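# Residue-level structural notes
Here is how the chains run, residue by residue.
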Amino acid sequence: MNEHIRQIEITSLQQFLDEVQKLKVVTGFEKIWFRGIADESYGLEPSIYRHAGDPVIEKQLLNRFITRAQPFIDDKSAKTYWEWLFIMQHYGVPTRLLDWSESALISLAFSVIYREAKHSGKNAAMWCLDPIKLNRDFVKGLRPTEPIPSIIDNTVKRIAVYEDETIPVDFPISVYGPLNSVRIVAQKGVFTLFPFKEKFKLEDLEGVEKFLVKLIIPDANITEIKDQLITLGITENNVYPGLDSIAKEINREILNA
């Protein structure tokens, strides 16, 4: 990881709220997106980078997904590459999209509530990103009509699929996606779209300290912060609305499970 990235240790929910509030003042961030992780060692890379040697395989995955998914899609209207990409992302097929949230508390829930046995004894973390700085100062050739464009913006499409080879792409692009699922709406989901190129982790790139900050949550403080979030009503069903989450909440409330 870039050693210049600012890291802040978080030991309580109140300190977390205070640090988030100070971020714009201290760092000059214009806007903040959040990504909570249950293990601080997890890097900022999309699922396609973790599962495939070459991210261009996304096209193959997409073609296969479209072929097999058509009978199960209620909306039969023609869909673009990008609309299909977000449907794939929703159902767990690897893509170049990396999920973020506009909600600090929802992201904190990802860090401390959704922990598995493999996370025991490990610190959690949250990444804070200024998507406007990323797009404006680091994504070469990006001239959309908005500081954070929609995924269907023509400039984004040209850069992301390399239709214009004269535009170099060394950084992911911050984008808004379609609100095509209840979960994206609940999670206030937003995205960074990584390029078709050799795999990398965002935090390893030069200069990212200008738009990235990392909050570290020590393992010893996770249970207390989790309990405080639940007391405030930030629970599984806020993050993943559905019967599975309702069941988890009831088991905890009645059975302490």
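That block above? That's the structure.
Residues numbered from 1 in each chain as written. Predicted model: local features only at pLDDT ≥ 70, side-chain atom pairs only at ≥ 80, totals over all residues. Heavy atoms only, no water.

Before going further, it helps to examine the packing of aromatic side chains. Scanning the entire structure with this criterion turns up 11 aromatic pairs. Aromatic pair F138 and F211: ring centres 4.9 Å apart, planes at 70 degrees, arrangement edge-to-face. Linking F138 in the loop between α6 (131–137) and α7 (154–160) with F211 in the loop between β6 (189–193) and β7 (212–217), this pair joins segments that are 73 residues apart in sequence. A relative accessible area of 15% places F138 in the buried class. Since its relative accessible area comes to 0%, F211 is described here as buried. Both rings, one in F171 and one in F211, keep their centres 6.4 Å apart while their planes meet at 75 degrees; by these two values the pair is edge-to-face. Pair noted here: F171 is in the loop between α7 and β5 (173–175) and F211 is in the loop between β6 and β7, with a separation of 40 residues, a long-range link. Three or more aromatic residues joined by ring pairs form one cluster here, namely Y49, F194 and F200. (Phe/Tyr/Trp six-rings, centres within 6.5 Å; stacked < 30°, edge-to-face > 60°. Helix = DSSP H or I, 4+ residues; strand = E, 2+ residues; numbered from the N terminus. Buried < 20%, exposed > 50% of the residue type's maximum accessible area, 1.4 Å probe, protein only.)

This part takes up the pattern of salt bridges. Inspection of every chain in the model, using the stated rule, returns 8 salt bridges. The partner of D39 in a salt bridge is K122, with the nearest N and O atoms 3.5 Å apart. With a gap of 83 residues between them, D39 in the loop between β2 (33–37) and α2 (47–51) and K122 in the loop between α5 (104–112) and β4 (124–129) connect regions that are remote in the sequence. For K122, a relative accessible area of 36% corresponds to the partly exposed category. Residue D137 pairs with R136 through a salt bridge whose shortest N-O separation is 3.0 Å. When its relative accessible area of 48% is taken as the criterion, R136 is described as partly exposed. Here the residues in one salt-bridge network are E30, R136 and D137, joined through shared partners. (Salt bridge = Lys/Arg side-chain N within 4 Å of Asp/Glu carboxyl O.)

Okay, α5 next. Within α5, 8 of the 9 residues are buried, which leaves the element mostly enclosed by the surrounding structure. For α5, the full list of buried residues reads A104, I106, S107, L108, A109, F110, S111 and V112.

All right, on to the pairing of β4 then. By the criterion of burial, β4 is predominantly enclosed, with 6 of the 6 residues buried. Burial along β4 is two-sided: the residues A124, M126 and C128 and A125, W127 and L129 are all buried. As paired strands, β2 and β4 are joined by 5 bridges and run antiparallel to one another. Counted as the bridge partner of G36 is M126 from β4. (Pairing = 2+ DSSP bridges.)

Attention now goes to the packing of helix α1 (residues 13–27) against α5. Each pair of packed helices gets described by two things: the angle between the helix axes and the distance between those axes. The contact between α1 and α5 brings their axes to 12 Å, and the two run at 135 degrees. Accordingly, the angle class assigned to the pair α1 and α5 is oblique. In this structure, the crossing between α1 and α5 has a hand that is right-handed. Mapping the contact onto sequence places L13, F16, L17 and V20 in α1 and A104, L105 and L108 in α5. Its residues assigned to classes, the contact of α1 with α5 comprises 7 nonpolar, no polar and no charged. (Axes fitted to C-alpha atoms, helices over the stretch in contact; angles between N-to-C directions. Parallel < 35°, antiparallel > 145°, perpendicular 65-115°, else oblique. Left-handed = near helix turned anticlockwise from the far one by under 90°. Contact = heavy atoms within 4.5 Å. Nonpolar A, V, L, I, M, F, W, Y, C, P; charged D, E, K, R; others polar.)

With that out of the way, let us pick up the side chain of S107. Residue placement: S107 occurs in helix α5. S107 sits in the buried class, given a relative accessible area of 1%. If we skip the residues at most four places from it in the chain, S107 touches F34, R35, G36, S101 and M126.

A separate point is the nonpolar core. Membership of the largest hydrophobic core comes to 37 residues, with the highest contact counts inside it found for W100, F171, L193, L202, V208, F211 and L212. For W100, the contacting residues outside a window of four places in its chain are W33, F34, R35, L44, W127, L129, K188, G189, V190, F191, T192 and L212. Among the nonpolar cores identified, the runner-up in size contains 24 residues, and F29, V112, M126 and I225 belong to it. (Core = buried A, V, L, I, M, F, W, Y, C linked by side-chain atoms within 4.5 Å.)

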